[in-house]
Amino acid sequence: MSLSEESIAPTQTTQQDAQSGSENTEPVDSSMQEFYQLYKELLVTTLVLTGVVFISVWIAYSLNIALNYLLGACAGVLYLRMLAKDVERLGREKQELSKTRLALLVVLILLGSRLDQLHILPIFLGFLTYKATLIIYVVRVALISDSSKLRQP
């Protein structure tokens with residue numbers, strides 16, 4: 001299963017138990033299913049956050065600045081997707097993550113410095129939107145785990 005497939009539903013298979021001869025139904029690669037769910041959650045959160053910030057910047061500043069932010073945010077979503085694809089291949093095909101994703105940011109900043117219509121700061125901050133999503137996710141998970149610890153005697 002790859003990130004480009006539409007369905008993220010868990011696939012199951014039957015595995016033969018060599019000792020007892022019975023069949024057990026277990027999810028295949030449950031950790032990968034968790035990864036796909038996490039990726040989907042981060043992607044949706046990033047897109048929602050991008051929409052909220054885009055509209056806020058448009059209202060507070062101008063459409064040009066908001067579009068610069070949106071360009072950076074789209075590059076950030078693309079970067080997140082490239083990172084997820086790289087992590088997906090990790091272990092099966094590759095032993096380490098590639099660093100070519102950073103070329104996306106470098107090209108974006110160079111483009112922003114060359115063209116008069118583009119502004120580097122909104123583009124860069126838009127690119128970092130996926131990082132804000134990661135911070136939101138970590139804080140949410142930390143608060144959930146803390147609240148569950150408080151309930152246990």
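The structure this text deals with has already been given above.
Definitions and limits used
- Residues numbered from 1 in each chain as written.
- Predicted model: local features only at pLDDT ≥ 70, side-chain atom pairs only at ≥ 80, totals over all residues.
- Heavy atoms only, no water.
- 1 Å grid on protein atoms, 1.4 Å probe; cavity = no way out; pocket = protein on both sides within 12 Å on 5 of 7 lines; lining within 4 Å.
- Points joined across faces, edges and corners; volume = space filled by probe spheres on them.
- Helix = DSSP H or I, 4+ residues; strand = E, 2+ residues; numbered from the N terminus.
- Nonpolar A, V, L, I, M, F, W, Y, C, P; charged D, E, K, R; others polar.
- Axes fitted to C-alpha atoms, helices over the stretch in contact; angles between N-to-C directions.
- Left-handed = near helix turned anticlockwise from the far one by under 90°.
- Contact = heavy atoms within 4.5 Å.
- Buried < 20%, exposed > 50% of the residue type's maximum accessible area, 1.4 Å probe, protein only.
- Phe/Tyr/Trp six-rings, centres within 6.5 Å; stacked < 30°, edge-to-face > 60°.
- Parallel < 35°, antiparallel > 145°, perpendicular 65-115°, else oblique.

Participant: Can you walk me through the layout of surface pockets in this structure?
Facilitator: Empty space left among the atoms is revealed by rolling a probe the size of a water molecule over them. Roughly 150 Å³ of internal volume is contained in the largest pocket. The wall of the largest pocket is formed by F35, L38, Y39, L42, Y79, L80, L83, A84, V87, Y130, K131 and L134. Mapped onto the lining of the largest pocket, the elements with two or more residues apiece are α1 (30-60), α2 (63-89) and α5 (129-151). Element by element, the count of residues in the lining of the largest pocket is highest for α2, at five residues. Of the residues contributing to the lining of the largest pocket, the split by class is 11 nonpolar, no polar and one charged.

Participant: What's the story with the packing of α2 against helix α4 (residues 120-127) in this structure? I'm lost.
Facilitator: Between two packed helices, what matters for the description is the angle formed by their axes and the separation of those axes. Where α2 meets α4, the closest approach of the two axes is 6 Å, and the angle between their N-to-C directions is 35°. When the axes of α2 and α4 are compared, the crossing they make is right-handed. For the pair α2 and α4, the contacting residues are I65, N68, Y69, L71, G72, A73, A75, G76 and Y79 in the first and P122, I123, L125, G126 and F127 in the second. Split into classes, the residues belonging to the contact of α2 with α4 amount to 10 nonpolar, four polar and no charged.

Participant: Would you mind showing me how to read the side chain of N68 here?
Facilitator: When you line up the elements, N68 lands in helix α2. Residue classification places N68 among the buried positions, given a relative accessible area of 2%. Beyond its immediate sequence surroundings of up to four residues, N68 is in contact with Q117, L118, H119, P122 and I123.

Participant: I keep staring at the packing of aromatic side chains and nothing clicks. Help me out?
Facilitator: How two aromatic rings sit relative to each other is set out by the distance from centre to centre and by the angle between their planes. Scanning all chains against the criterion turns up five aromatic pairs. Consider the rings of Y79 and Y130, whose centres lie 5.3 Å apart with planes at 40°: the pair is tilted. Within this pair, whereas Y79 is found in helix α2, its partner Y130 is found in helix α5, the two being separated by 51 residues in sequence. Looking at Y79, the relative accessible area reads 9%, which means it is buried. Here F127 and Y130 contribute two aromatic rings whose centre-to-centre distance is 5.7 Å and whose plane-to-plane angle is 80°, an arrangement assigned as edge-to-face.

Participant: I'm lost on the environment of Y79 in this one. Help?
Facilitator: Residues Y79 and R101, spaced 22 residues apart in sequence, show a C-alpha to C-alpha distance of 6.3 Å. Beyond its immediate stretch of four places on either side in the chain, Y79 contacts R101, L102, L104, F127 and Y130.

Participant: How should the packing of α2 against helix α3 (residues 102-114) be read in this particular structure?
Facilitator: Put simply, α2 and α3 touch, their axes get as near as 9 Å, and they point 165° apart. Taken together, α2 and α3 sit at an angle that is classed as roughly antiparallel. Note that α2 runs across α3; the crossing there is right-handed. Residues L71, G72, A75, L78, Y79 and M82 of α2 pack against L102, L104 and L108 of α3. Considering only residue class, the contact of α2 with α3 consists of eight nonpolar, one polar and no charged.

Function cannot be read off these values alone, since they describe shape.
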